[in-house]
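Topology and contacts: notes
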Amino acid sequence: MTTGRKGVTSQDAAPARTPLVELDDVSKYYGNVRALEGVSLEVHAGEISCVLGDNGAGKSTLIKIIAGLHRHDAGTLTIEGAVTKLGSPREALDLGIATVYQDLAVVPLMPVWRNFFLGSEPTKGVGPFKRMDVEFMRGTTRAELSRLGIDLRDVDQPIGTLSGGERQSVAIARAVYFGAKVLVLDEPTAALGVKQSGVVLKYVAAARDAGLGVILITHNPHHAYLVGDRFVLLKRGRMSGSHTRRDVTLDELTRQMAGGSELDDLRHELERA
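Scope of this entry: the structure provided in the associated data block. Computed from a prediction, not measured in an experiment: that's the story for all the values here.

1. Digging into the overall build of the protein chain
Counting secondary structure elements, the protein chain contains nine helices and 12 strands. In the protein chain, which comprises 273 residues, the share counted as buried stands at 42%. The long-range share in the protein chain, meaning contacts at least 24 apart out of those at least 6 apart in sequence, stands at 64%. Accessible area for the protein chain stands at about 14500 Å²; split by element, carbon and sulfur atoms hold 50% of it.

Written out as structure tokens, the structure is:
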């Protein structure tokens, strides 16, 4: 039995968990433009990792790397312990990474159940009698939404008639059903009011409680702090901060997000004026 720092024995130490997704010093360049440089991030099962930053901070580039749209140019991307470079969104999906973008990629006039299975419709019958299994899709959609606590009036209604928060919740439930291990959410509360934002955050937490690793991209530190376990702040493509929930307060997170020392300098300038 060995003794480590501060007298903690190897038997007492908790085994290190392998992150579902880990970025280590990842960078992305477009010609001479440094869109992302030296960014590190860990995503664990049953946790929410929040990436915060204003417009132009590099959040979109980070999403594209994790979703398989763009390959990173430097650093390492590790998925469940294996170093990889994703070549396509399909490859990311096959590895259990599902990305829900702001526009949601739904067909507004189609019913909820059809959007839930869009592109992955189950069928029944053979040959010329092969057809979509509508009953299965309706029943499964209703059951999966209910499992996450989502209570819709009718899964036959066009998804375009749902509120923004309800559409986000359907997208989250869909990702959970199709076996996602990691759920990437691109500014899910950006265009929503307070009440609808609360609805979405509730379902984000439900996905976490279902054992998924969640990456929440947001510019709102209040929303991030309500549900987040880890926080990475981006500024002009670089990391300006990295914290766990226990080592940062909401006030400090908000201060760093708002500009930190730059905000203090601005306050002094305005006071003198």
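2. Considering unusual backbone geometry
Apart from glycine, the bulk of residues carry a negative phi angle, and the bulk of peptide bonds sit in the trans form. Despite not being glycine, D25 has its phi angle at roughly 55 degrees, a positive value. Tracing the sequence through the fold places D25 in strand β1 (residues 21-30). Note on D25: relative accessible area 46%, which makes it partly exposed. For E187, which is not a glycine, the phi torsion comes out positive at approximately 45 degrees. Mapped onto the secondary structure, E187 falls in the loop between β9 (182-186) and α6 (194-209). Residue classification places E187 among the buried residues on the basis of a relative accessible area of 8%.

3. Some remarks on the packing of aromatic side chains
For any pair of aromatic rings, geometry is given as the distance between the ring centres together with the angle between the planes. Evaluation of the coordinates by the stated rule reveals eight aromatic pairs. Arranged with centres 6.4 Å apart and planes meeting at 35 degrees, the rings of F116 and F178 form a pair that is tilted. Taken together, the positions of F116 in helix α3 (residues 112-116) and F178 in the loop between α5 (164-177) and β9 put the pair 62 residues apart, joining distant regions of the chain. Given a relative accessible area of 0%, F116 falls into the buried group. Residues Y177 and F178 carry aromatic rings whose centres are separated by 5.0 Å and whose planes lie at 80 degrees to one another, so their mutual orientation is edge-to-face.

4. Quick word on the pattern of salt bridges
All chains considered together, the criterion is met by 15 salt bridges. Notably, a salt bridge pairs E42 with R230, separated by 3.7 Å at the nearest N-O pair. Separated by 188 residues along the polypeptide, E42 in strand β2 (residues 33-43) and R230 in strand β11 (residues 230-235) bring together distant segments of the chain. Classification of R230 as partly exposed rests on a relative accessible area of 22%. In this structure, the salt-bridge partner of D133 is K124, at a minimum N-O distance of 4.0 Å. Judged by relative accessible area, which is 16%, D133 ranks as buried. Taken together, the salt bridges that share partners define one network made up of R17, E42, E47 and R230.

5. Side note on the side chain of D133
Within the secondary structure, D133 sits in the loop between β8 (131-132) and α4 (134-147). Excluding residues that lie within four positions of it along the chain, D133 makes contacts with P122, T123 and K124.

6. A few points about the environment of Q196
Residue position: Q196 is located in helix α6. For Q196, a relative accessible area of 24% translates into the label partly exposed. When the C-alpha atoms of Q196 and G165 are compared, they prove to be 5.0 Å apart, with 31 residues separating the residues in sequence. Sequence-distant contacts of Q196, that is, excluding residues within four places in its chain, are made with S163, G164, G165 and E166.

7. A word on the side chain of T61
Within the element layout of this structure, T61 appears in helix α1 (residues 59-66). Not counting chain neighbours up to four residues away, the residues in contact with T61 comprise K28, Y30, A35 and L36.

8. Concerning α6
Helix length check: α6 (16 residues) gives 22 Å between terminal C-alpha atoms against 22 Å at 1.5 Å per residue, within 8%. Within α6, burial applies to S197, V200, L201, Y203, V204, A205, A206 and A207. Among the structural elements, β3 (48-52), α5, β9, β10 (213-218) and α7 (221-227) are those in contact with the buried residues of α6. Immediately downstream of α6, the backbone of G211 shows phi near 100 degrees, a positive value.

9. Points about the packing of α4 against α5
Here α4 crosses α5 at 105 degrees, and the two axes come no closer than 10 Å. Of the possible angle classes, the one that applies to α4 and α5 is roughly perpendicular. Contact with α4, carried on its side by F136, T140, E144, L145 and R147, involves V170, A173, V176 and Y177 of α5 and no other residues of that element. Looking at side-chain class alone, the contact of α4 with α5 contains six nonpolar, one polar and two charged residues.

10. Section: the pairing of β1
As judged from the seven bridges shared by β1 and β2, these two strands associate in the antiparallel manner. Looking at β2, one finds that E22 is bridged to E42. The hairpin turn running from β1 into β2, its antiparallel successor, is two residues long, and G31 in that turn takes a positive phi close to 65 degrees. Direction of pairing for β1 relative to strand β4 (residues 74-79): antiparallel, over a ladder of five bridges. Its bridge partner lying in β4, V21 is registered against I79.

Rules of the game
Residues numbered from 1 in each chain as written. Predicted model: local features only at pLDDT ≥ 70, side-chain atom pairs only at ≥ 80, totals over all residues. Heavy atoms only, no water. Helix = DSSP H or I, 4+ residues; strand = E, 2+ residues; numbered from the N terminus. Buried < 20%, exposed > 50% of the residue type's maximum accessible area, 1.4 Å probe, protein only. Contact = heavy atoms within 4.5 Å. Areas by Shrake-Rupley, 256 points an atom, 1.4 Å probe, with all protein chains shown as cover. Phe/Tyr/Trp six-rings, centres within 6.5 Å; stacked < 30°, edge-to-face > 60°. Salt bridge = Lys/Arg side-chain N within 4 Å of Asp/Glu carboxyl O. Expected span 1.5 Å × (residues − 1). Axes fitted to C-alpha atoms, helices over the stretch in contact; angles between N-to-C directions. Parallel < 35°, antiparallel > 145°, perpendicular 65-115°, else oblique. Nonpolar A, V, L, I, M, F, W, Y, C, P; charged D, E, K, R; others polar. Pairing = 2+ DSSP bridges.

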